[in-house]
Structures are given as structure tokens and as C-alpha cells.
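Reading the structure
Spelled out, the chains give:
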Amino acid sequence: RSLNGSRGRDAVASRDNVLLPAPGSPATPVPGGAGLRIPGVSPFVTPTKDFYRVDTALVVPKVDATTWRLRIHGKGVTRPVSLSFDDLLRRSLIERDITLTCVSNEVGGPYVGNARWIGVRLADLLAECGVTPPSKGGPADQLVARSVDGMTIGSPVDDVMDGRDALLAVGMNGRPLPFEHGFPVRMVVPGLYGYVSACKWIQDLELTTFDAYDPYWVKRDWARRAPVKTQSRIDTPKPFARPRAGTVMVAGVAWAQHRGVREVEVRVDDGPWQRARLAAEDTVDTWRQWSFPWEATKGGHTLTVRATDGTGQVQTAQRARTIPDGASGRHSVVVTVD
Ligand SMILES: Nc1nc2c(c(=O)[nH]1)N[C@H]1C(S)=C(S)[C@@H](COP(=O)(O)O)O[C@H]1N2
Ligand SMILES: [Mo]
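First things first, this report covers the structure right here in the doc. Values in this document were obtained by computation on a predicted structure and should not be read as measured data. Note that residues are indexed from 1 along each chain, following the sequence as it is written. By the order in which they are written, chains take letters starting at A while ligands take numbers starting at 1. Restriction of local features to residues with pLDDT of at least 70 applies here, the model being predicted, together with a cutoff of 80 or more for giving and counting side-chain atom pairs; totals for whole chains, interfaces and linings are based on all residues. Note that water and hydrogens are dropped before the side-chain values are worked out from all heavy atoms of the structure.

Here we look at empty space enclosed by the protein
For the record, the criterion: Points on a 1 Å grid, built from protein atoms alone, make a cavity when a 1.4 Å probe fits but cannot get out and make a pocket when they are open with protein on both sides within 12 Å along at least 5 of 7 lines; residues with an atom within 4 Å of a point are the lining residues. Grid points are joined across faces, edges and corners, and a volume is the space filled by probe spheres set on the points. Side-chain classes follow a simple rule in which Ala, Val, Leu, Ile, Met, Phe, Trp, Tyr, Cys and Pro form the nonpolar group, Asp, Glu, Lys and Arg form the charged group, and the remainder, Gly included, forms the polar group. These domain boundaries are the output of an automatic or database domain assignment.
Applying the stated criterion across every chain yields a total of 1 cavity of 30 Å³ or more. Lining of the largest cavity is provided by Thr 101, Cys 102, Asn 105, Glu 106, Val 107, Tyr 193, Val 228, Lys 229, Gln 231, Trp 255, Gly 326 and Ala 327. Tallied by class, residues from the lining of the largest cavity come to 6 nonpolar, 4 polar and 2 charged. Residue-level mapping places the lining of the largest cavity at the junction of two domains, with at least three residues from each of domain 1 (6-220) and domain 2 (231-337).

Comments concerning the layout of surface pockets
In this structure, the largest pocket encloses a volume near 390 Å³. Forming the walls of the largest pocket are 25 residues, and the residues nearest its centre are Val 54, Asp 55, Gly 194, Tyr 195 and Trp 217. Class assignment for the residues of the lining of the largest pocket results in 14 nonpolar, 6 polar and 5 charged.

Observations regarding the sheet that holds strand S10 (residues 202-208)
The criterion, for reference: Whether two strands pair comes down to DSSP finding at least two bridges between them. Runs of E in the DSSP output that reach at least two residues are strands. Runs of H or I that reach at least four are helices, and both are numbered from the N terminus. Helix axes are fitted only over the stretch in contact, all axes being lines through C-alpha atoms; the angle between N-to-C directions runs from 0 to 180 degrees.
The mixed open sheet is built from 5 strands, whose spatial order is S2-S1-S10-S5-S6. Only two strands of the sheet have a single partner each, and these edge strands are strand S2 (81-84) and strand S6 (152-156). Sheet twist, expressed as the mean angle between neighbouring strand axes with direction ignored, is 20°. Alignment of strand S5 (residues 142-147) against S10, held across 6 bridges, turns out to be antiparallel. The residue of S10 that forms the bridge with Arg 146 is Asp 204.

Notes on the side chain of Thr 286
Quick reminder of the rule: Under this definition, polar contacts are N or O atom pairs within 3.5 Å; protein pairs additionally need one hydrogen-donor-capable and one acceptor-capable atom, and for neighbouring residues in sequence, both atoms have to be side-chain atoms.
By the element assignment, Thr 286 lies in the loop between strand S15 (277-278) and strand S16 (288-296). Looking at Thr 286, its side chain comes within polar contact range of the main-chain oxygen of Thr 283, at 2.9 Å.

Points about the site of ligand 1
Keep this limit in mind: Any residue with a non-hydrogen atom lying within 4 Å of a molecule or strand is treated as near it. Working definition of accessibility: Shrake-Rupley area with a 1.4 Å probe, residue cover restricted to the visible protein chains. In this scheme, a molecule is assigned to a cavity or pocket if more than half of its atoms are within 2 Å of the grid points.
Surveying the vicinity of ligand 1 reveals 20 residues, the closest of which are Tyr 52, Thr 56, His 181, Arg 186 and Lys 200. Here an oxygen atom of ligand 1 sits 2.9 Å away from a polar atom, N or O, in the main chain of Thr 56. Between ligand 1 and Ser 147 there is a distance of 3.3 Å, counted from a nitrogen atom to a side-chain nitrogen or oxygen. In the complex, the protein chains occlude 98% of the 530 Å² of accessible area that ligand 1 would expose alone. Put simply, ligand 1 lies in the largest pocket.

Topic: unusual backbone geometry
Omega for the bond connecting Phe 183 with Pro 184 falls within 30 degrees of zero, at 5°, which places this linkage in the cis form. Looking at the element boundaries, Pro 184 is found in the loop between strand S8 (175-176) and strand S9 (186-188). At the junction of Thr 236 and Pro 237, the peptide bond is cis and its omega measures out at 0° in the coordinates. Among the secondary structure elements, Pro 237 is positioned in the loop between strand S11 (231-236) and strand S12 (246-255). Phi is positive for Asp 221, close to 80°, though the residue is something other than glycine.

Looking at the packing of aromatic side chains
Our working definition: Here is the rule: rings of Phe, Tyr and Trp (six-membered ring for Trp) pair when centre to centre is within 6.5 Å. Planes less than 30 degrees apart are stacked, more than 60 are edge-to-face, and the remainder are tilted. To sort residues, take the accessible area from a 1.4 Å probe on protein chains only and compare it with the maximum for the residue type: under 20% means buried, over 50% means exposed, and anything in between is partly exposed. Consider the ring centre and the ring normal. A charge sits over the ring if Lys NZ or Arg CZ is within 6 Å of that centre and within 35 degrees of that normal.
This structure, assessed with the given rule, holds 9 aromatic pairs. Measuring from centroid to centroid gives 6.0 Å for Phe 51 and Trp 117, while their planes differ by 85°, and the two rings are edge-to-face. Placement of the pair is Phe 51 in the loop between helix H1 (6-16) and strand S1 (69-74) and Trp 117 in strand S4 (residues 112-121), with a sequence separation of 66 residues. In this structure Trp 117 comes out as buried when scored by relative accessible area, which is 0%. Aromatic rings pair up to connect Phe 51, Tyr 52, Tyr 111 and Trp 117 into one cluster. The ring of Phe 179 has Arg 15 sitting right over it, with the charged end atom 6.0 Å from the ring centre.

Printed below as a string of C-alpha cells:
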């Protein structure tokens, strides 16, 4: 009742009143060639209404931004702070395109999306609080985020402070965060699965150690550390499609956040790996579309895709389940060509 009654109305009003400032550091423009305009391929920027949602909330928390606060404290924090939403908006904001992925995404699954986020650079804020990453001698190696609904999410302090664009996001695709995606503030860290980085409805950041504290999903046997695994997905044709013989456009997306995607290859049945055409790269933190014009011959065929990340590592064929640290293996689609 308290979430959806009068307090809920205050929250809605507070969201309606948010005016996102222009970012001090805008995102690099998305290259024109990042979207291939092939029917059936996931759009480069996922429309907010289509962005996957994964959380444990039975009722979406409705937080009033005017009374919201974020506390930063814990091991090695020499200047703890409590910040209001306006304190965050008064800072110079950065805007970045970042692809988010869920660790529970099966190979070929839907729990991945790409959005334009705007927010505060988390590393700067932590540095102002006196935080030193463990690789530079700091005492805390885990940053635990707590949400208003009791979720706890732990990220490596070294990752958050290594120069990547880890954000306390206040906006998504040019608008204040939707309630479903964490209004008023959430974390986004390129390269880490959501359950170890992307706390929605955040209200507390505690510096601690991996030895001292296990967050929610780690208590349930998921891994303490979970960088995103290199993956690729065939968006078109769909499984069991019946395309006509001739040129069939095979296309999809590939992601390896913070390493980037260097190459995508497609294999027809047990044939050789053939290089797909890659759409222009936006940043190493975003997914990349790819396409492969296939000269399809009549009969049943299996199409398989694999990506190579920016470090030269080829996406593994080794099948792994989602638990404990993300699915691996290669996505295949079976079609019948008429
Ligand atoms: N408070 C809270 N934050 C959360 C979660 C949650 O259950 N509660 N789920 C996490 C998981 S597992 C993922 S993959 C991302 C999903 O973010 P989205 O729903 O905006 O796509 O949010 C993360 N943040
Ligand atoms: Mo997730």
C-alpha cells in the first residue's frame, strides 16, 4: 500500500518533475553504420519499452526522488557522504551507450539490451570519498550496492575504478529512468552481468571485501565475480523458418562488453566458418549487429554463429549453464529452405 498509495503518487510526481541536464560529456554519436536496417535484427538502441526487465520485485518500487538519498560508506571511505538526487544532477553528467546483459540469459536468449545512459561517473564519486582501489593499496575490493527493496549487488572495486564508464545512471534513452528500470538512480557497469553491477532503486553503497560479505545472488550459489561472456545471437531467420531458396539474409547481434567484438562468423551445417559483415562499432561497451547473405539451397539446414572479441578470443563452443557465471556455447538456428 505504501508503495502504490500516496507515496507512489509523490514518486510519480517527482519523476514527472525531473529535468535531465545536458551531459557535460555527451556520448560519441552512434556511427551511421551501426544499424544495418535488416528486417528482424534487434535495433541498435533498444527502445525502453522493449528493454528486458529482470528483478525480484513483486511490486515495482516507487521511490520519491525528492526525499531519496544515497549513502556511500565503509572500509577505506575517509569522507562518507549522503547525497540527494539534486546533488547528483548538479554534477557534470556523462552520457554513454552501454549494452546490459543478464547472467540468466540462455544462449540465443532475450535478456540483453542496449541503451543510452546518462549519469554520474561512479569512480569520481568514490575517489572523492577517499576510496582507493585494491590494486593501488585500498582495503576494500568489493562495492556492495543496496536497493530500497533489499537487493544487494556486489561489484569489484577495481573494475568500477579502472577507467571504464561505470555509472550511477539517472536517465535511460533521454528520459528519467522508468520505475521498472530503477528510478531514481541505478548502477550500470560496462562488462559485468547485471546481478553483479546494475543495482536498481539504489540507496546505499558500501565498501567492503569479497571475504567479508556475500550479496543476494552469491548466497544463492551464483559467482562472486561475473564478467560478461562473449556471445552472439541469430535474430533472423527465426528457428523453424521456411525461407525460399536463394539469397537469405542471416543477421543478428554479438556482444563482449568492454572488450568489443572484432569478428563474427557463420557456419552452415558442418561447412567452413565464413566471415559475416560487421556493422560499424559504436564503442567496446556496446553490441554489434552483423549480417551474412546466405545462398540457401533447398532442404533442412543448421545455421551457427560465433564471435571473436577485441582481445582475439573466439567465443567458446563449450556449453555451460547460466549458473554460476553465465551461459556459454554457440547459438544455432534450424531452418527448412523451400
Ligand atoms: N534492486 C534490484 N536491482 C537489480 C535486480 C534486482 O532484482 N533488484 N536485478 C539485477 C539483474 S539480475 C539484472 S540483469 C539487471 C536488469 O536490469 P533491467 O531490469 O533494467 O534490464 O538489474 C539488476 N538490478
Ligand atoms: Mo540478471
